[in-house]
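Here's the letter readout for the chains.
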2 protein chains.
Amino acid sequence: MSAPTAPDSALVDLLGLVAYGELLAFDRLAADARLAPDLRRRAALSEMAAAEIGNYRRIADRISVLGVLPDDAMAPYVEALQAYHDSTEPKDWLEAVTKAYVGDGITDDFLRAIAGALDEPDRQLVLDVLHESRYAEFAAAEIRAAIEADRRVANRLSMWARRLVGEALSQAGRVAAADRGALTALIARREGVEVPALFRRLTAAHTERMAAVGLNN
Amino acid sequence: MSAPTAPDSALVDLLGLVAYGELLAFDRLAADARLAPDLRRRAALSEMAAAEIGNYRRIADRISVLGVLPDDAMAPYVEALQAYHDSTEPKDWLEAVTKAYVGDGITDDFLRAIAGALDEPDRQLVLDVLHESRYAEFAAAEIRAAIEADRRVANRLSMWARRLVGEALSQAGRVAAADRGALTALIARREGVEVPALFRRLTAAHTERMAAVGLNN
């Protein structure tokens, strides 16, 4: 065992956030899978959940190597992430897949932006835990098919997606307020990327994803 | 794509049973993970859940290759397996890890016995989806530590384990009764293994596993 290096607190903060995000996404996707109309779809959402745990393990192992207990690194984010999920519990299958589609998309954009501010091996690690595109494709296909079968679904899911983003932004604000400044400094470290600019970029990409499945932002 | 071969109904029955067992085990372990006293343990049970889904995918793919929809192959087992889990919902963390320990152990013994009755590639497939021993070791360590901290835990968990086995046997009886005889014939095909003998062997191995963690059968 090599001796742990002195932990970079911004890095540990970021990895803690990502790790707890994965752990909770697993938990919620696994529960949401019960909303599936058949076993095939249930298995598909369950597989999306399982992928989160594989990624959790990689991040948690890296946190340990940095000399920090994963539980300690995740602790600052428990409340905000839990609050996000508690306030956005899907009522049916389409809400569940829309939540996965919206949440994974924004998370991946955020991680891609952050990765640029990291040194190796963390840059590659964060890029490695991006969601596989086949999961987004599965969710997108479910949403498109539902809208095709009933146009009114588009309105309902558009409203749902706006609520998801609203809740996510509200909890992100809490995370930023609770943060000791290290995480936002890490984001700003990336040349030209200030937090407001990052938010604008994430929002624009989200709008495009909505349009791609027939939803309005 | 190669044309599907004529499905062997006993084989499809068996794979359907295993596949649905994995899918449901995922679902329940993921839910049970919430009972964990800390995030580290919660992640450990979540990883056990996630492993089930990887195995589910392999079995479901094989069922598809045999020309049967996985949903159709799983359908005969939905009710009995659901009933087992509904009647054995853990109330706390120790009940959850004991359920995983007991259930995985019996399942693996059953699969090992069945595998011998199968031709390749199914024999190897079934052996491949056995649970990784590190999961049983994790659960065993949790049980042993809890008993060491409080001897009364041994009595409570011994009773819980007996209930788990009782419910499992009762639902196994339902499966066998609903079965069109193909599955029991498949088991019997294995030289010298009749169903009652298999049950006795599974019970004996279970008793040994109980003793190994300080529980009584």
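Note that the structure is predicted; figures quoted are calculated from it, not measured.

### Some details on the overall build of chain A
Argument step 1. Summing up its helical and strand segments, chain A has 10 helices and zero strands in all.
Argument step 2. Walking chain A from its N terminus toward its C terminus, one meets helices and strands in the order α-α-α-α-α-α-α-α-α-α.
Argument step 3. Taken over the C-alpha trace, chain A has a radius of gyration of 17 Å; the compact-globule value for 217 residues is 17 Å, and the two agree within 12%.
Argument step 4. When its C-alpha atoms are laid out on the principal axes, chain A stretches across 60 × 35 × 25 Å.
Argument step 5. Out of the 217 residues belonging to chain A, those deemed buried represent 52%.
Argument step 6. A fraction of 81% describes how many contacts in chain A between residues 6 or more apart in sequence connect residues 24 or more apart.
Argument step 7. When the accessible surface of chain A is summed, it comes to about 9,900 Å², and 56% of that surface belongs to carbon and sulfur atoms.
Argument step 8. Charged side chains of chain A number 26 positive and 33 negative; the gap between the two group centres comes to 5 Å.

### A word on the packing of helix α1 (residues 9-32) of chain A against helix α5 (residues 93-115) of chain A
Residues and elements named next belong to chain A.
Argument step 1. As a packed pair, α1 and α5 sit with axes 12 Å apart at the nearest point and diverge in direction by 165°. Here α1 lies roughly antiparallel to α5, going by the angle between them. Here α1 runs over α5; the crossing is left-handed. For the pair formed by α1 and α5, the contact residues are L14, L17, V18, L29 and D32 on the first element and A96, A100, F110, L111 and I114 on the second.
Argument step 2. Of the residues in the contact of α1 with α5, the class split is nine nonpolar, no polar and one charged.

### Points about the pattern of salt bridges
Argument step 1. Inspection of every chain in the model, using the stated rule, returns 36 salt bridges over all chains.
Argument step 2. Residue E47 of chain A is joined to R57 of chain B by a salt bridge in which the shortest nitrogen-to-oxygen separation is 2.5 Å. Separated into two different chains, E47 of chain A in helix α2 (residues 39-65) and R57 of chain B in helix α2 (residues 39-65) make up a pair that spans both.
Argument step 3. Judged by its relative accessible area of 10%, E47 of chain A is buried.
Argument step 4. Across the salt bridge formed by D128 of chain A and R58 of chain A, the nearest N and O atoms sit 3.0 Å from each other. In this pair, D128 of chain A is assigned in helix α6 (residues 122-128) and R58 of chain A in helix α2, connecting sequence segments 70 residues apart.
Argument step 5. Note on D128 of chain A: relative accessible area 35%, which makes it partly exposed.
Argument step 6. Looking at R58 of chain A, the relative accessible area reads 39%, which means it is partly exposed.

### Observations concerning the confidence of the model for chain A
Argument step 1. The share of residues in chain A with pLDDT of 70 or more is 92%, and the mean pLDDT across the chain is 88.
Argument step 2. Low pLDDT, under 50, characterises residues 1-6 of chain A; the stretch is placed with five contacts to residues that sit more than four places away or in other chains.

### Here's the deal with the packing of aromatic side chains
Argument step 1. Evaluation of the coordinates by the stated rule reveals three aromatic pairs over all chains.
Argument step 2. The interplanar angle of 85° and the centroid separation of 5.9 Å between the aromatic rings of F26 of chain A and F26 of chain B together place this pair among those described as edge-to-face. Here F26 of chain A is found in helix α1, whereas its partner F26 of chain B is found in helix α1 (residues 9-32) on a different chain. Considered together, F26 of chain A and F26 of chain B belong to a single accessibility category, that of buried residues.
Argument step 3. Ring centres 6.3 Å apart and planes at 70° place the aromatic pair W93 of chain B and F138 of chain B in the edge-to-face group. Here W93 of chain B, found in helix α5 (residues 93-115), pairs with F138 of chain B, found in helix α7 (residues 133-149); they are 45 residues apart in sequence, far enough to count as distant. Both residues of the pair, W93 of chain B and F138 of chain B, count as buried.

### A word on the interface of chain A and chain B
Accessible area lost during the coming together of the parts is what is often quoted as the interface size.
Argument step 1. On the side of chain B, 24 residues touch chain A, which itself brings 24 residues to the contact.
Argument step 2. Here chain A and chain B share an interface that buries about 2,000 Å² over both sides, 58% of which is from carbon and sulfur atoms.
Argument step 3. If you look at where chain A meets chain B, you find six salt bridges.
Argument step 4. The interface formed by chain A and chain B holds eight residue pairs in polar contact (both at pLDDT 80 or more) in total.
Argument step 5. Residue assignment for the side of chain A that touches chain B shows that the elements contributing at least two residues are α1, α2 and α3 (70-74) of chain A.
Argument step 6. With 11 residues, the top contributor of residues to the side of chain A that touches chain B is α2 of chain A.
Argument step 7. Among the residues making up the side of chain A that touches chain B, the classes are represented as 14 nonpolar, one polar and nine charged.

Calculation criteria
- Residues numbered from 1 in each chain as written.
- Chains lettered and ligands numbered in written order.
- Predicted model: local features only at pLDDT ≥ 70, side-chain atom pairs only at ≥ 80, totals over all residues.
- Heavy atoms only, no water.
- Helix = DSSP H or I, 4+ residues; strand = E, 2+ residues; numbered from the N terminus.
- Rg over C-alpha atoms; globule rule 2.2 N^0.38 Å.
- Buried < 20%, exposed > 50% of the residue type's maximum accessible area, 1.4 Å probe, protein only.
- Contact = heavy atoms within 4.5 Å.
- Areas by Shrake-Rupley, 256 points an atom, 1.4 Å probe, with all protein chains shown as cover.
- Lys, Arg positive; Asp, Glu negative; His and termini not counted.
- Charge placed at Lys NZ, Arg CZ, Asp CG, Glu CD.
- Axes fitted to C-alpha atoms, helices over the stretch in contact; angles between N-to-C directions.
- Parallel < 35°, antiparallel > 145°, perpendicular 65-115°, else oblique.
- Left-handed = near helix turned anticlockwise from the far one by under 90°.
- Nonpolar A, V, L, I, M, F, W, Y, C, P; charged D, E, K, R; others polar.
- Salt bridge = Lys/Arg side-chain N within 4 Å of Asp/Glu carboxyl O.
- pLDDT = per-residue confidence, 0-100.
- Phe/Tyr/Trp six-rings, centres within 6.5 Å; stacked < 30°, edge-to-face > 60°.
- Buried area = accessible area lost by both parts, 1.4 Å probe.
- Polar contact = N/O pair within 3.5 Å; in protein donor to acceptor, adjacent residues only side chain to side chain.

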